[in-house]
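Architecture at a glance
Chain residues, written in single-letter form:
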Amino acid sequence: MDTCNMVVLQHKHSLSLIDLNPKYPHDEQVYDDEEDLIIKQAFRCPCARCEQEITYLHRYYYKCDQCDYSLHKLCKNFPTELQHVSHSAHSLALFLDESLGQCHMCKRTPRNMQLIYGCSRCMFSICLDCAIGDVQYHTIYHPSHQHPLIPFCKHKQVSAECDACGKEHRGVFYECSTCFRFSAHNDCVFQPKRLLIQDGTRGRFSHTHPLILAYSFPAIDQKAKFYPTCRVCDNSFSDRENFWVYKCEKCRYYAHADCANSIWEPSNSIFKYKEQILGNILLIFVMCLLQPSTSSINYINFMLVHNVMLNIP
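Residues numbered from 1 in each chain as written. Predicted model: local features only at pLDDT ≥ 70, side-chain atom pairs only at ≥ 80, totals over all residues. Heavy atoms only, no water.

1. Section: the sheet that holds strand E5 (residues 60–64)
With antiparallel pairing, the three strands of this open sheet are ordered in space as E2-E5-E6. The open sheet has two edge strands with one neighbour each: strand E2 (15–19) and strand E6 (70–72). If you compare each strand with its neighbour and ignore which way they point, the axes differ by 30° on average. Where E2 and E5 come together, five bridges link them in antiparallel fashion. Across the sheet, the residue bridging to aspartate 19 is tyrosine 60, located in E5. (Pairing = 2+ DSSP bridges. Helix = DSSP H or I, 4+ residues; strand = E, 2+ residues; numbered from the N terminus. Axes fitted to C-alpha atoms, helices over the stretch in contact; angles between N-to-C directions.)

Encoded structure:
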């Protein structure tokens, strides 16, 4: 542990607790103007302790009235100094460790900067888990679910299904510890409320208006809109009515959340079959050169037209 890379975390002014979403869990229903809700949900500011973002989904945070200083509620509640049995000679102070040093108790090495408790005189430090016990990491209050969600890290080798997109993922999931009926992958949870599909699909698809994230597409709504299909993969929503979708109601433009966002390669979309389609065209083209026929030439023309329509480079 390098003392030059340890930042003491203190602040001289008093802090006020801010509630970003006092209407939770009914926040999406009480806003008449969806634009106001989207602006609120776009809130971002850095935490001065852990240097991670404070978002609308965290709901609570502390803010200084006299300067530009903000903290996650969880980060604010950590004591800045404590006595610990692992180092009885001196008290341990709360630091932001930039050196990525190993915890002296559990021997784990962090991948990123993290909060630690350390003694600069003895070059001794321990992670939050070892210092305080089972740390309750940042709870979020997501509008898709009526209860708060807490992060849970799935084992790297184990896949689990996400209740937001229906796909299998590995890594951090946010789960409900109240009803145990909801679990969404980290990438889905922090998707933007508003998305330009040309940004989400890296320019492969385009639409004039931003798409708005909805947390279900009920069968009755699909029927009222004549059973639309996803504008990216062209599959229906009939078996995915409880999964999240991006939509433009004005134009009746809909896309699966995972198709609209380039975090994933949609499993049933043109992305998966791009190489296969181009390979088929090349094969038919060679066959035409060796044995020309009207049907094969027509098939090539058909494939080329549809590749232009699908915008496959």
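2. Looking at the state of the cysteines
A full pass over the atoms with the stated rule returns zero disulfides. With no disulfide of its own, cysteine 45 lies 8.2 Å from the sulfur of cysteine 47, the closest cysteine sulfur. Here cysteine 45 falls in the buried class, since its relative accessible area comes to 14%. Here cysteine 127 is not cross-linked by a disulfide; its sulfur's nearest cysteine counterpart is in cysteine 130, at 3.6 Å. (Disulfide = S-S within 2.5 Å. Buried < 20%, exposed > 50% of the residue type's maximum accessible area, 1.4 Å probe, protein only.)

3. Brief notes about the sheet that holds strand E14 (residues 172–176)
Pairing is antiparallel across the open sheet formed by three strands, whose spatial order is E11-E14-E15. Among the strands making up the open sheet, the edge pair consists of strand E11 (149–153) and strand E15 (183–185). This sheet shows a mean twist of 30° between the axes of neighbouring strands, independent of strand direction. For E14 and E15, the ladder comprises three bridges, and the chain directions are antiparallel.

4. Quick word on the environment of valine 245
With respect to the secondary-structure elements, valine 245 resides in strand E18 (residues 245–248). Residue valine 245 is classed as buried on the basis of its relative accessible area of 1%. With 11 residues separating them in the primary sequence, valine 245 and histidine 256 have C-alpha atoms 4.7 Å apart.

5. Quick word on the packing of aromatic side chains
Tallying each qualifying case throughout the model produces six aromatic pairs. Ring plane angle 90° and centroid distance 5.7 Å describe the contact between tyrosine 60 and tyrosine 141, whose orientation is recorded as edge-to-face. In this pair, tyrosine 60 is assigned in strand E5 and tyrosine 141 in the loop between helix H4 (128–132) and E11, connecting sequence segments 81 residues apart. Between tyrosine 174 and phenylalanine 190, the aromatic rings sit 5.7 Å apart at their centres with planes inclined by 75°, giving edge-to-face as the arrangement. On the criterion of sequence distance, the pair formed by tyrosine 174 in strand E14 and phenylalanine 190 in the loop between helix H5 (186–189) and strand E16 (194–195) is long-range, its members being 16 residues apart. Judged by its relative accessible area of 8%, tyrosine 174 is buried. Here the basic side chain of arginine 59 rests over the ring of tyrosine 141, its NZ or CZ set 5.3 Å away from the ring centre. Above the face of the tyrosine 60 ring, lysine 73 is positioned so that its terminal group lies 4.7 Å from the ring centre. (Phe/Tyr/Trp six-rings, centres within 6.5 Å; stacked < 30°, edge-to-face > 60°. Lys NZ or Arg CZ within 6 Å of the ring centre and 35° of its normal.)

6. Topic: the pattern of salt bridges
Tallying each qualifying case throughout the model produces six salt bridges. The partner of arginine 59 in a salt bridge is aspartate 19, and the shortest N-O contact between them spans 2.9 Å. Highlighted residues: arginine 59 in the loop between strand E4 (53–55) and E5 and aspartate 19 in strand E2, separated in sequence by 40 residues. Among the residues examined, aspartate 19 registers a relative accessible area of 30% and is labelled partly exposed. With a shortest N-O distance of 3.3 Å, arginine 240 and aspartate 258 are connected by a salt bridge. Here arginine 240 is found in the loop between helix H7 (219–224) and E18, whereas its partner aspartate 258 is found in helix H8 (residues 257–260), with 18 residues between them in sequence. Of the two residues, arginine 240 and aspartate 258, both sit in the buried class. (Salt bridge = Lys/Arg side-chain N within 4 Å of Asp/Glu carboxyl O.)

7. Description of the pairing of strand E17 (residues 211–214)
Burial along E17 is two-sided: the residues Leu211 and Leu213 and Ile212 and Ala214 are all buried. Of the strand pairs in this sheet, E16 and E17 are connected by two bridges, and their pairing is antiparallel. The residue of E17 that forms the bridge with leucine 195 is leucine 211. Where E17 meets E18, three bridges bridge the pair, whose relative direction is antiparallel. If you follow alanine 214 over to E18, its bridge partner there is valine 245.

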